[in-house]
Amino acid sequence: MAGSGVFKEIIDKDGVYKFYFDGEWRKSSSGKTVPIINPTTRETHFRVARSCTQEEVKKIVETSKAVQKSWAKTPLWKRAELLHKAAAILKEHKAPIAECLVKEIAKPAKDAVTEVVRSGDLVSYCAEEGVRILGEGQFLVSDSFPGNERTKYCLTSKVTFTISAFPTGCVRESHLPIPPFNYPVNLAVSKIAPALIAGNSLVLKPPTQGAVAALHMVHCFHLAGFPKGLISCVTGKGSEIGDFLTMHPGINCISFTGGDTGIAISKKAGMVPLQMELGGKDGCIILEDADLDLAAANIVKGGFSYSGQRCTAVKVVLVMESVANTLVEKVQAKVAKLSVGRPEDDCDITPVVTESSANFIEGLVMDAKEKGATCCQEYKREGNLIWPLLLDNVRPDMRIAWEEPFGPVLPVIRINSVEEGINHCNASNFGLQGCVFTRDINKAILISDAMETGTVQINSAPARGPDHFPFQGLKDSGIGSQGITNSINMMTKTKSTVINLPTPSYTVG
Ligand SMILES: NC(=O)C1=CN([C@@H]2O[C@H](COP(=O)(O)OP(=O)(O)OC[C@H]3O[C@@H](n4cnc5c(N)ncnc54)[C@H](OP(=O)(O)O)[C@@H]3O)[C@@H](O)[C@H]2O)C=CC1
Ligand SMILES: O=C(O)[C@H](O)COP(=O)(O)O
């Protein structure tokens, strides 16, 4: 049960979830709260402290200063040990955390448990990967470069972020992970674990929808015994506290996952490393020689899992005209078998996260219908619940050909050449993932190389997992690369120490 047992200290007597600072769960001095609306009932299910008065943020970020310095001196194996403990506690308490995901973001019950277990696995893998890659460095000699004798030895290693005090007196210490609503646990730990193994402190800003799941996850790190003040979690709407956090002089690294907000943040954040995983319009190109049963299964899984609320969802199908009718029939037959209803009942299609999201999705559908798209199913909506819809004969003048619904509606564009399909994908502002279905591996590789996206899946739907794979977006889909190793590297700095010898030294004797 959320907020009970080992989690009872994260909620106050009035039923308001607290924020986490300096090793304690605290009520906000603002005295205000933020309601979290259950997408299924459209009623308030939880309340979190609308924390973070500017005074509170200032104190939170500065507190990380001393703690971060001592954490950076903690041996790698000890950092890893604590991460393994947090991973085990996460998995031990997967049920109450999954319950929060069901109630806050209408994630189907089974998928909710999977997200928590996957997060525990990510934290453990990160602990091991961190010990490996942060335990290695480089040794370079000077005479490998023209004009040099062997008078210099260069030792390089990966160090944590501590940067000396700035003229303004602020020491830039803290990492700022900002995850989105659709994976408030997994896309939080995908930032938290690399930051911690790399020796950083952090201030987590969880999504409003998903905040309580994130707070339960933070408590698992608290129970694991991380030093007080190393991890903080501030609650409150991003629109109200986000800018103050992202532009705070004490923040020296931002890892964000979400929508266009990330583009705005990247323009405001200043001279700090950014890791941005943003939206996508993942294209699925179906060639004439494709295995259409395999393609149909992946289009339904890829396009409708978690009601299409995944940045890696299949967002547009580009199918060769000659096989389009057969493919659409196969997809329709599978869509008809999708269960629609409550996340508690493990339905395939559950309510989208907010009413505004449902309204946005509806707008895209209406625009496509008005412009002549074929609705393969009757458009149906009850509150935030939208029945799965395949839109055939979509054309480039329709908004849904380009915009990201983040919902259970999927456009099909019929093409007459592979180039047409690739050109459509590359004309998008997004460049996250794409996929191609063909039996010809040579064609698949050529298409993969031609697609301007961070990843191309061959004969499978787009996906971020497994979480150790590099995961990146091009163009408006992101900055930098996620995935455990790349995240660890992005959250460290390279330090060179050069030993200068008075005379050249080559070999013994
Ligand atoms: N590429 C990827 O891996 C992913 C991309 N996305 C994309 O994100 C969108 C949906 O996710 P959603 O969570 O709604 O995205 P948003 O961009 O609305 O929110 C993402 C996070 O940013 C916070 N935030 C909002 N405003 C600010 C601000 N001014 N400063 C700092 N933080 C802020 C939000 O907090 P709050 O909730 O309080 O507003 C939330 O925690 C879709 O476009 C989807 O494609 C989503 C998941 C993964
Ligand atoms: O942001 C998202 O939606 C996730 O990165 C998608 O992850 P998944 O492909 O593992 O669902």
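**A word on the overall build of the chain**
Moving on, step 1. What the chain contains, in helices and strands, is 14 helices and 27 strands.
Moving on, step 2. Its C-alpha atoms give the chain principal-axis dimensions of about 75 × 70 × 40 Å.
Moving on, step 3. Of all 509 residues assigned to the chain, the portion counted as buried reaches 55%.
Moving on, step 4. Sequence separation of at least 24 residues holds for 72% of the intrachain contacts in the chain that already meet a minimum separation of 6.
Moving on, step 5. Total accessible area on the chain is roughly 20,400 Å²; 55% of this is exposed by carbon and sulfur atoms.
Moving on, step 6. Once the 55 positive and 54 negative side-chain charges of the chain are each reduced to a mean point, those two points are 7 Å apart.

**Structural notes on the site of ligand 2**
Moving on, step 1. Contacts to ligand 2 come from R118, N182, Y183, L187, R310, C311, T312, A463, R464, G465 and F471.
Moving on, step 2. Between ligand 2 and R118 there is a distance of 2.9 Å, counted from an oxygen atom to a side-chain nitrogen or oxygen.
Moving on, step 3. Separating an oxygen atom of ligand 2 from a side-chain N or O atom of N182 is a distance of 2.8 Å.
Moving on, step 4. Contact with the protein chains covers 95% of the free accessible surface of ligand 2, which is 310 Å².
Moving on, step 5. Partitioning the shell around ligand 2 into residue classes produces five nonpolar, three polar and three charged.

**Some points on the sheet that holds strand β7 (residues 152–159)**
Moving on, step 1. In space, the three strands of this open sheet follow the order β6-β7-β27, with antiparallel pairing throughout. The sheet is open, and its two edges are formed by β6 (137–141) and β27 (493–500), each paired on a single side. The mean angle between the axes of side-by-side strands here comes to 20°, regardless of whether they run parallel or antiparallel.

**Some details on the packing of helix α3 (residues 94–105) against helix α4 (residues 109–134)**
Moving on, step 1. As a packed pair, α3 and α4 sit with axes 8 Å apart at the nearest point and diverge in direction by 125°. The orientation of α3 relative to α4 falls into the category oblique. The crossing of α3 and α4 is right-handed. Of α4, the residues touching α3 (which contributes K94, I97, A98, L101 and V102) are A109, A112, V113, E115, V116 and V117.
Moving on, step 2. Tallied by class, the residues present in the contact of α3 with α4 amount to nine nonpolar, no polar and two charged.

**Some points on the site of ligand 1**
Moving on, step 1. Taken together, 30 residues surround ligand 1, and among them T208, G238, G258, L278 and E404 come closest.
Moving on, step 2. At 2.7 Å, a side-chain N or O of E404 approaches an oxygen atom of ligand 1.
Moving on, step 3. In the complex, 84% of the free accessible area of ligand 1, which totals 900 Å², lies under the protein chains.
Moving on, step 4. At the level of secondary structure, the elements contributing two or more residues to the shell around ligand 1 comprise α7 (238–246), β11 (251–257) and α8 (261–268).
Moving on, step 5. Along the lines of polarity and charge, the residues of the shell around ligand 1 split into 13 nonpolar, 12 polar and five charged.

**So, the pairing of strand β14 (residues 314–320)**
Moving on, step 1. A large share of β14 lies buried, amounting to seven of its seven residues.
Moving on, step 2. Judged from the five bridges that link them, strand β13 (residues 282–286) and β14 form a sheet pairing that is parallel. In the sheet register, G283 faces β14, and the bridge partner there is V316.
Moving on, step 3. Pairing of β14 with strand β19 (residues 409–415), which is carried by four bridges, proceeds in the parallel orientation. The residue of β19 that forms the bridge with M320 is I415.

**Thoughts on the pairing of β19**
Moving on, step 1. Within β19, seven of the seven residues are buried, leaving the element largely enclosed by the surrounding structure.
Moving on, step 2. Judged by which residues are buried, β19 turns out to be covered on both faces: V409, P411, I413 and I415 on one side and L410, V412 and R414 on the other are all buried.

**Observations regarding helix α5 (residues 186–197)**
Moving on, step 1. With 12 residues, α5 should cover 16 Å at 1.5 Å per step; its first-to-last C-alpha distance of 17 Å lies within 8% of that length.
Moving on, step 2. With 12 of its 12 residues buried, α5 lies for the most part within the structure.
Moving on, step 3. Residues N186, L187, A188, V189, S190, K191, I192, A193, P194, A195, L196 and I197 constitute the buried set of α5.
Moving on, step 4. G199 sits one or two residues past α5 and shows a positive phi near 95°.

**Overview of the nonpolar core**
Moving on, step 1. The biggest cluster of nonpolar side chains holds 68 residues, and the ones touching the most others in it are L83, L196, M217, F221, F226 and I231.
Moving on, step 2. When residues in this core are grouped by element, the largest group, 10 residues, is from helix α6 (residues 211–224).
Moving on, step 3. Ignoring any residue separated from it by four or fewer positions in sequence, one finds L83 in contact with V123, A127, A193, L196, I197, F221 and F226.
Moving on, step 4. Formed by 57 residues, the second largest nonpolar core is a distinct cluster that contains V317, L327, A401 and I422.

**Side note on the packing of aromatic side chains**
Two descriptors summarise a pair of aromatic rings, namely the distance from one centre to the other and the angle between the planes of the rings.
Moving on, step 1. The full count for this structure, using the stated rule, is six aromatic pairs.
Moving on, step 2. Measuring from centroid to centroid gives 4.8 Å for Y20 and W25, while their planes differ by 40°, and the two rings are tilted.
Moving on, step 3. Among the aromatic residues, ring-to-ring pairing joins W71, F221 and F226 into one connected group.
Moving on, step 4. When the ring centre of Y183 is taken as reference, the NZ or CZ atom of K107 above it lies at 3.7 Å.
Moving on, step 5. The ring of W387 carries the charged tip of K380 above its face, separated from the ring centre by 4.1 Å.

**Some thoughts on the side chain of S487**
Moving on, step 1. Structurally, S487 can be placed in helix α14 (residues 484–490).
Moving on, step 2. Judged by relative accessible area, S487 falls into the buried class, the value being 1%.
Moving on, step 3. Those residues in contact with S487 that sit more than four places away from it in its chain are S190, P194, Q275, S481 and Q482.

**A closer look at a nonpolar patch on the surface**
Moving on, step 1. Residues F139, L155 and I499 make up a contiguous nonpolar surface patch of about 260 Å² in total accessible area.
Moving on, step 2. Relative to the helices and strands, L155 is located in strand β7.
Moving on, step 3. You can call L155 partly exposed: its relative accessible area is 35%.

Conventions we followed
Residues numbered from 1 in each chain as written. Chains lettered and ligands numbered in written order. Predicted model: local features only at pLDDT ≥ 70, side-chain atom pairs only at ≥ 80, totals over all residues. Heavy atoms only, no water. Helix = DSSP H or I, 4+ residues; strand = E, 2+ residues; numbered from the N terminus. Buried < 20%, exposed > 50% of the residue type's maximum accessible area, 1.4 Å probe, protein only. Contact = heavy atoms within 4.5 Å. Areas by Shrake-Rupley, 256 points an atom, 1.4 Å probe, with all protein chains shown as cover. Lys, Arg positive; Asp, Glu negative; His and termini not counted. Charge placed at Lys NZ, Arg CZ, Asp CG, Glu CD. Near = heavy atom within 4 Å. Polar contact = N/O pair within 3.5 Å; in protein donor to acceptor, adjacent residues only side chain to side chain. Nonpolar A, V, L, I, M, F, W, Y, C, P; charged D, E, K, R; others polar. Pairing = 2+ DSSP bridges. Axes fitted to C-alpha atoms, helices over the stretch in contact; angles between N-to-C directions. Parallel < 35°, antiparallel > 145°, perpendicular 65-115°, else oblique. Left-handed = near helix turned anticlockwise from the far one by under 90°. Expected span 1.5 Å × (residues − 1). Core = buried A, V, L, I, M, F, W, Y, C linked by side-chain atoms within 4.5 Å. Phe/Tyr/Trp six-rings, centres within 6.5 Å; stacked < 30°, edge-to-face > 60°. Lys NZ or Arg CZ within 6 Å of the ring centre and 35° of its normal. Patch = residues over 30% accessible without salt bridge, like charges linked within 9 Å, V, L, I, M, F, W, Y side chains within 5 Å. Salt bridge = Lys/Arg side-chain N within 4 Å of Asp/Glu carboxyl O.

In short, the description is geometric, and any link to function would need to be established separately.
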